[in-house]
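Here are the chains, one letter per residue:
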Amino acid sequence: MINDLVESFIINLFIILICVQINYFWQVKRETDENNNYLALFIALAGSLLINRLFFVSEINSSLSLHIGDLVVIIGVLYGRAWIGTMLFILLTVMSTLIHPLQGLYTIMTSLPPLLISLYLRKIYIKIPIKKKYTQAFLIALISSIISMSLANGLFSNRWTWLDSILYMLVYIGGLLGLVYYMENLKRSRMLKREIINTEKLQAVSHLAASISHEVRNPLTATKGFLQLLKSDDNLPAEKKQQFIDIAISELNRAENIINDYLAFAKPSMELQETIEIQSEILKVIEIVKPLANMNAVFIQCHVPVFYVNGEKHLFQQCFVNLVKNAIESMQEGGVLILKAEPIKKGINITISDTGIGMNDEQISRLGEPYFSTKGVKGTGLGMVAVYRIVKSMHGSIRVKSKPKEGTTFTIYLPGHP
Ligand code: ADP
Ligand code: MG
């Protein structure tokens, strides 16, 4: 009999692993925040309990596969939160009671000790290094298995042989250690992934630093020149002096703005939420790119109504400057750039259409990938990275339609109100 039970125990262990793994994939895909992660872990563990109860436990006798629930509760406490373990325990008890009231009682008696022990040790457990975690998990499993075994034999007179008991303890302890090993690995791979994202971001930032130092150097050189002029020539008329100082200050402002943009990209979290009036902001953007448009013989049309969205003004500008610059740069032989905005339900669609060189499917799919640029040394491949980040931080979305040699239309949806 015990062999069957060991078998179902192991199958159930796999079910837990599969549920947790699905949960992990889901988290990786959705890039969810911490709290959602815990909810997802709870759902995964509860799901594995449900499968266990529905398909494996029908008789009160199959106590071993019942104890898979203990492991789920322990893991819920140690790798989730105290509430996760407690909720799992309650779920376990309710489900057992539904099968048979006696089984509910049995569950409370056997699963409460592991819950309490792990709740008690949780604070220590989450701080200690991995090796000690195994020792602690071993102790938790040992104590819990002895308790539940005594209960099974004493109260429910299962009459296990010594061999049965030892096998049971081994499976219980091995099961928990296996789960701990698995959870630790998941934790490590999640941490690695986070590190990779951080290094990618840092790389993007350092790449940006190269192009920005170039742009910052120009106004600084100009400022230096004017200051040297002021220093070397004492006979300058006061009017001229004032003029030089004004130019120097405005050049320094320009350098400051570039650095500000660079920092904005390095730290894309929304710190200063304000109401942005998009019509005036987009007109400002057009002012900024006017010289570039004139140089490329690009005619700009703007039909944007007054509309309000939430976000950071300079990030909003940075986003649209990048989009409009790309549009202009795609029209080296001149063309028309149309900026339009159309309020829709709960937000606004802002479209930027150009009659430029367009993109093929592969290029469209690579938009927003750091360093993807078809402009050779002139491109940074970071403009669209910033665009995607900023739109995401404003809870908006981006759609792209493009045809090679015909042109491109970007549609940016942003939530807001008229
Ligand atoms: P960069 O402009 O420095 O090349 P971006 O991230 O701004 O980098 O853009 C990445 C690439 O996307 C560009 O090199 C270009 O190939 C393509 N792209 C973006 N916008 C357009 C557009 N409006 N028309 C054609 N290609 C575009
Ligand atoms: Mg660009």
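This is a predicted model, so every value here is computed, not measured. Every chain is numbered independently, its residues counted from 1 as its sequence is written. Starting at A for chains and at 1 for ligands, labels are handed out in the order in which the entities are written. Reporting of local features is limited, given that this is a predicted model, to residues whose pLDDT is at least 70; pairs of side-chain atoms are given and counted only at 80 or more, and all residues count toward the totals for whole chains, interfaces and linings. The side-chain numbers reported here are obtained from all heavy atoms of the structure, hydrogens and water having been left aside.

Asks: Outline helix α13 (residues 383-393), supporting the account with residue identities and numerical values.
Replies: Listed as buried for α13 are Met384, Val385, Ala386, Val387, Ile390, Val391 and Ser393. Put simply, DSSP H or I for four residues or longer makes a helix, DSSP E for two residues or longer makes a strand, and each gets a number counted from the N terminus. Once α13 ends, the next one or two residues include histidine 395, with phi positive near 60°. We call a residue buried when its accessible area falls under 20% of the maximum for its residue type, exposed when it is over 50%, and partly exposed in between, using a 1.4 Å probe and counting protein chains only.

Asks: I'd like a description of unusual backbone geometry, backed by residues and values.
Replies: Despite not being glycine, alanine 297 shows a phi value in the positive range, around 55°. In this fold, alanine 297 is placed in the loop between α10 (278-295) and β2 (298-303). Unusually for a residue other than glycine, lysine 346 sits at a positive phi of about 60°. Classification of lysine 346 by relative accessible area gives exposed; the value is 70%.

Asks: Explain the side chain of serine 330 to me, using residue names and the numbers behind them.
Replies: Tracing the chain through its elements places serine 330 in the loop between α11 (313-329) and β4 (335-344). Looking at serine 330, the relative accessible area reads 13%, which means it is buried. Here a residue-residue contact requires only that any non-hydrogen atoms of the pair lie within 4.5 Å. Leaving out residues up to four positions away in the same chain, serine 330 has contacts with Asp354, Gly356 and Ile357.

Asks: So, the pattern of salt bridges: which residues are in play, and what are the values?
Replies: What makes a salt bridge here is a side-chain nitrogen of Lys or Arg within 4 Å of a carboxyl oxygen of Asp or Glu, nothing more. Following the criterion strictly, the structure yields 5 salt bridges and no others. Between glutamate 329 and lysine 375 there is a salt bridge; the shortest N-O distance is 2.7 Å. Of this pair, glutamate 329 sits in helix α11 while lysine 375 is found in the loop between α12 (361-366) and α13, placing the two residues 46 residues apart along the sequence. With a relative accessible area of 24%, glutamate 329 lands in the partly exposed category. Judged by relative accessible area, which is 34%, lysine 375 ranks as partly exposed. Salt bridges sharing partners connect three or more residues here, namely Lys133, Glu184 and Lys187.

Asks: Residues and numbers for the nonpolar core, please.
Replies: Soluble globular proteins tend to bury their nonpolar side chains together. Working definition of a nonpolar core: buried Ala, Val, Leu, Ile, Met, Phe, Trp, Tyr and Cys residues. They are joined through side-chain atoms within 4.5 Å. Counting residues in hydrophobic clusters, the biggest one holds 45 residues, and the most contacted among them are Leu45, Leu71, Ile75, Leu88 and Leu176. The element that contributes the greatest number of residues to this core is helix α8 (residues 162-232), accounting for 11 residues. If we ignore the near neighbours within four places in the chain, the residues touching leucine 45 are Ile16, Val20, Val72, Ile75, Gly76, Ile84 and Leu88. In this structure, Phe307, Leu315, Ala341 and Ile412 belong to the second largest nonpolar core, which totals 40 residues.

Asks: Got a sec to walk through the packing of α11 against α13? Specific residues and values, please.
Replies: Contact geometry for α11 and α13: axes closest at 9 Å, N-to-C directions at 140°. Judged by the angle between their axes, α11 and α13 are oblique. For the crossing formed where α11 meets α13, the hand is left-handed. Judged by residue contacts, Leu315, Phe316, Gln318, Cys319, Asn322, Leu323 and Asn326 of α11 engage Gly383, Met384, Ala386, Val387, Ile390 and Val391 from α13. Fitted lines through C-alpha atoms give the axes, limited to the stretch in contact for helices. The angle between two N-to-C directions lies from 0 to 180 degrees. Angle categories: roughly parallel below 35 degrees, roughly antiparallel above 145, roughly perpendicular from 65 to 115, and oblique for all the rest. Put simply, a crossing is left-handed when the front helix is turned counterclockwise from the back one by less than a right angle, and right-handed when it is turned clockwise.

Asks: Could you give an account of a nonpolar patch on the surface, with specific residues and numbers?
Replies: A contiguous nonpolar patch, built from Leu39, Ile43, Trp83, Met87, Ile90, Val94 and Leu98 and spanning about 700 Å² of accessible area, is present on the exposed surface. For the nonpolar patch, the secondary-structure elements that each account for two or more residues are α2 (34-55) and α5 (82-99). Looking at the nonpolar patch, the element that brings in the most residues is α5, giving 5 residues. With respect to the helices, strands and loops of the structure, tryptophan 83 is situated in helix α5. Judged by its relative accessible area of 39%, tryptophan 83 is partly exposed. Like-charged residues are merged into a patch within 9 Å and nonpolar side chains (Val, Leu, Ile, Met, Phe, Trp, Tyr) within 5 Å, provided each residue has over 30% relative accessible area and no salt bridge. Areas reported here follow the Shrake-Rupley algorithm with a probe of radius 1.4 Å; residue values treat only the protein chains shown as occluding.

Asks: Tell me about the environment of methionine 109, and name the residues and values.
Replies: Here methionine 109 is to be found in helix α6 (residues 101-125). Under the relative-accessibility criterion, methionine 109 is labelled partly exposed at 27%. The spatial distance from the C-alpha of methionine 109 to the C-alpha of isoleucine 147 is 8.9 Å, given a sequence separation of 38 residues.

Asks: With reference to specific residues and values, describe the pairing of strand β6 (residues 397-403).
Replies: Between any two strands, pairing holds if DSSP finds at least two bridges. By the bridge criterion, 7 bridges tie β6 to strand β7 (residues 407-417) in an arrangement that is antiparallel. Note on β7: the bridge partner recorded for lysine 403 is glycine 407. Between β6 and β7, which pair antiparallel and follow one another directly, the connecting turn spans 3 residues, one of which, lysine 405, has a positive phi of 70°.

Asks: Go over the packing of α10 against α11 with me, naming the residues and quoting the values.
Replies: Here α10 crosses α11 at 40°, and the two axes come no closer than 9 Å. Accordingly, the angle class assigned to the pair α10 and α11 is oblique. As for the relative orientation of α10 and α11, their crossing is right-handed in sense. Residue-level contacts link Ile278, Glu281, Ile282, Lys284, Val285, Ile288, Val289, Leu292 and Ala293 of α10 to Lys313, Phe316, Gln317, Phe320, Val321, Val324, Lys325, Ile328 and Glu329 of α11. Residues are grouped as follows: Ala, Val, Leu, Ile, Met, Phe, Trp, Tyr, Cys and Pro are nonpolar; Asp, Glu, Lys and Arg are charged; all remaining types, including Gly, are polar. Across the contact of α10 with α11, the residue classes tally to 12 nonpolar, 1 polar and 5 charged.

Asks: Go over the packing of aromatic side chains, please, and point to the residues and values.
Replies: Working definition: rings of Phe, Tyr and Trp (its six-membered ring) pair if their centres are within 6.5 Å, and the pair is stacked with planes under 30 degrees apart, edge-to-face with planes over 60 apart, and tilted otherwise. Enumeration according to the criterion identifies 4 aromatic pairs in this entry. With a centroid separation of 5.1 Å and 45° between ring planes, the pair formed by phenylalanine 226 and phenylalanine 244 is classed as tilted. With phenylalanine 226 in helix α8 and phenylalanine 244 in helix α9 (residues 238-266), the pair connects residues that are 18 residues apart, well separated along the chain.

Asks: Can you lay out the environment of leucine 139 for me, pointing to particular residues and giving the numbers?
Replies: On the secondary structure map, leucine 139 appears in helix α7 (residues 130-154). Distance in space between the C-alpha atoms of leucine 139 and isoleucine 117 is 9.9 Å, their sequence separation being 22 residues.

Asks: Outline the pairing of strand β3 (residues 308-311), listing residues and values.
Replies: Every second residue of β3 is oriented toward a common face, the buried set being Val309 and Gly311 and the non-buried set Tyr308 and Asn310. As paired elements, strand β1 (residues 274-277) and β3 share 4 bridges and run antiparallel to each other. Bridging from a neighbouring strand, isoleucine 276 pairs with valine 309 of β3. Relative to β7, β3 runs antiparallel, the two sharing 2 bridges. What sits directly across from tyrosine 308, in β7, is histidine 417.

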